[in-house]
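Descriptive analysis of the structure
One-letter residues, chain by chain:
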Amino acid sequence: MNDTTRGKFITLEGIDGAGKSSHVAWIVDFLRARGKTIVSTREPGGTPLGEKLRESLLSEAMHAETETLLMFAARREHIAQRIYPALERGDWVVCDRFSDASHAYQGGGKMLDRRRLSVLEQWVHGEGSSQPCEPDLTLLFDVPCEVARQRIALAGRHLDRFEQEEAQFHDRVRHAYLDRAQKFPGRFRVLDGEASLDAVRAQLEKILVDFGA
Ligand code: TMP
């Protein structure tokens with residue numbers, strides 16, 4: 001991949017109920033209005049196989065390592081079929097969750113060995129190859145867990161397997177995300193998910209323009 005023509009890879013992260021998904025469409029519209037060609041996608045999912053795996057991952061009980069391997073298997077397919085080709089064409093990719101979610105949920109929430117996750121990440125991202133697939137910008141929507149829980153309860157919909165986890169699980173996920181943001185300050189931007197919609201959008205606009213949108 002030629003660095004000057006390669007598109008940009010933007011990921012969105014946060015605990016369930018952080019409000020991230022309500023900003024995806026706005027971000028995509030904002031970038032399109034600035035002349036970018038956008039591929040908007042999500043994980044787990046993003047390909048026909050990935051969407052099938054998503055259904056199982058969100059509903060079927062399974063060993064935490066099986067869950068981790070399926071997340072990364074879906075990701076491998078996603079990178080091969082959609083993300084990498086889009087970036088190579090010069091398109092920008094906006095992805096609702098990516099590998100930081102595995103570090104936060106499977107590493108933080110399920111307390112799996114971080115080194116194993118890093119090995120899977122390096123394998124699946126193609127690290128060591130001439131063109132690894134790494135996010136250029138990660139937007140982390142941060143809210144206290146109680147706020148997120150109240151939002152999910154208010155929405156009144158069926159809860160998936162991760163949303164049904166106990167409060168301490170989500171607390172560990174949140175802190176694992178914040179640890180990742182501290183570890184990779186170059187690509188992470190932490191947004192106050194408790195702020196009003198307009199305030200979050202103003203923060204987003206500044207971040208995206210500074211990023212080169
Ligand atoms: P969503 O509700 O944001 O679409 O995400 C689906 C759930 O999958 C969410 O609870 C987080 C979880 N998840 C993981 O546990 N590990 C991962 O690697 C990814 C991408 C998602």
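Structural data are supplied above this passage.
Residues numbered from 1 in each chain as written. Predicted model: local features only at pLDDT ≥ 70, side-chain atom pairs only at ≥ 80, totals over all residues. Heavy atoms only, no water.

A word on the packing of aromatic side chains. Considering all chains together, one arrives at 6 aromatic pairs under this definition. Measuring from centroid to centroid gives 5.9 Å for Tyr105 and Phe162, while their planes differ by 85°, and the two rings are edge-to-face. With Tyr105 in helix α4 (residues 99–109) and Phe162 in the loop between α6 (145–155) and α7 (167–183), this residue pair connects regions lying 57 residues apart in the sequence. Judged by relative accessible area, Tyr105 falls into the buried class, the value being 5%. When the centroid spacing of 6.3 Å and the interplanar angle of 85° are considered together, the rings of Tyr105 and Tyr177 count as edge-to-face. Placement of Tyr105 in helix α4 and of Tyr177 in helix α7 is noted, with a sequence separation of 72 residues between them. Members of the aromatic cluster, each reached through a chain of ring pairs, are Tyr105, Phe162, Phe169 and Tyr177. Across from the ring centre of Phe72, 4.7 Å away, lies the NZ or CZ of Arg75, which sits over that ring. The lysine or arginine in question, Arg75, covers the ring of Phe98, its NZ or CZ lying 5.4 Å from the ring centre. (Phe/Tyr/Trp six-rings, centres within 6.5 Å; stacked < 30°, edge-to-face > 60°. Helix = DSSP H or I, 4+ residues; strand = E, 2+ residues; numbered from the N terminus. Buried < 20%, exposed > 50% of the residue type's maximum accessible area, 1.4 Å probe, protein only. Lys NZ or Arg CZ within 6 Å of the ring centre and 35° of its normal.)

The strand order β2-β3-β1-β4-β5 describes an open sheet built from 5 strands, whose pairing is parallel. The sheet is open, and its two edges are formed by β2 (38–42) and β5 (188–192), each paired on a single side. Adjacent strand axes in the sheet meet at a mean angle of 20° when their direction is disregarded. Here strand β4 (residues 137–142) pairs with β5 via 5 bridges, running parallel. Bridge assignment links Leu140 to a residue of β5, and that residue is Val190. The sheet contacts of helix α1 (residues 21–33) involve β1 (9–13), β2, β3 (92–96) and β4, and relative to β3 the element is tilted by about 175°. Each of β1, β2 and β3 touches helix α3 (residues 64–89); the most contacted strand, β2, lies at about 160° to it. (Pairing = 2+ DSSP bridges. Axes fitted to C-alpha atoms, helices over the stretch in contact; angles between N-to-C directions. Contact = heavy atoms within 4.5 Å.)

A word on the site of the ligand. Not every one of the 14 residues close to the ligand is listed here, only the nearest: Asp16, Arg54, Arg97, Ser102 and Gln106. In this structure, an oxygen atom belonging to the ligand sits 2.7 Å away from a side-chain N or O atom of Arg54. Protein chains bury 93% of the 480 Å² of accessible surface belonging to the ligand in isolation. Counting only elements with at least two residues in the shell around the ligand, the list comes to α2 (48–59), α3 and α4. Per element, the largest residue contribution to the shell around the ligand is 4 residues, and it comes from α4. Taken together, the residues of the shell around the ligand sort by class into 6 nonpolar, 2 polar and 6 charged. (Near = heavy atom within 4 Å. Polar contact = N/O pair within 3.5 Å; in protein donor to acceptor, adjacent residues only side chain to side chain. Areas by Shrake-Rupley, 256 points an atom, 1.4 Å probe, with all protein chains shown as cover. Nonpolar A, V, L, I, M, F, W, Y, C, P; charged D, E, K, R; others polar.)

Remark: α4 packs on helix α5 (residues 114–125), axes separated minimally by 10 Å, with the N-to-C direction vectors making an angle of 160°. As far as their axial angle goes, α5 and α4 are roughly antiparallel. The way α4 lies across α5 gives a crossing that is right-handed. Across the interface between the two elements, Ser99, Ser102, His103, Gln106, Gly107 and Gly108 from α4 touch Arg114, Leu117, Ser118, Glu121 and His125 from α5. (Parallel < 35°, antiparallel > 145°, perpendicular 65-115°, else oblique. Left-handed = near helix turned anticlockwise from the far one by under 90°.)

A few words on the side chain of Ser102. Examined against the element boundaries, Ser102 turns out to sit in helix α4. Reaching out from Ser102, the side chain makes a polar contact with the side chain of Arg75 at a distance of 2.9 Å.

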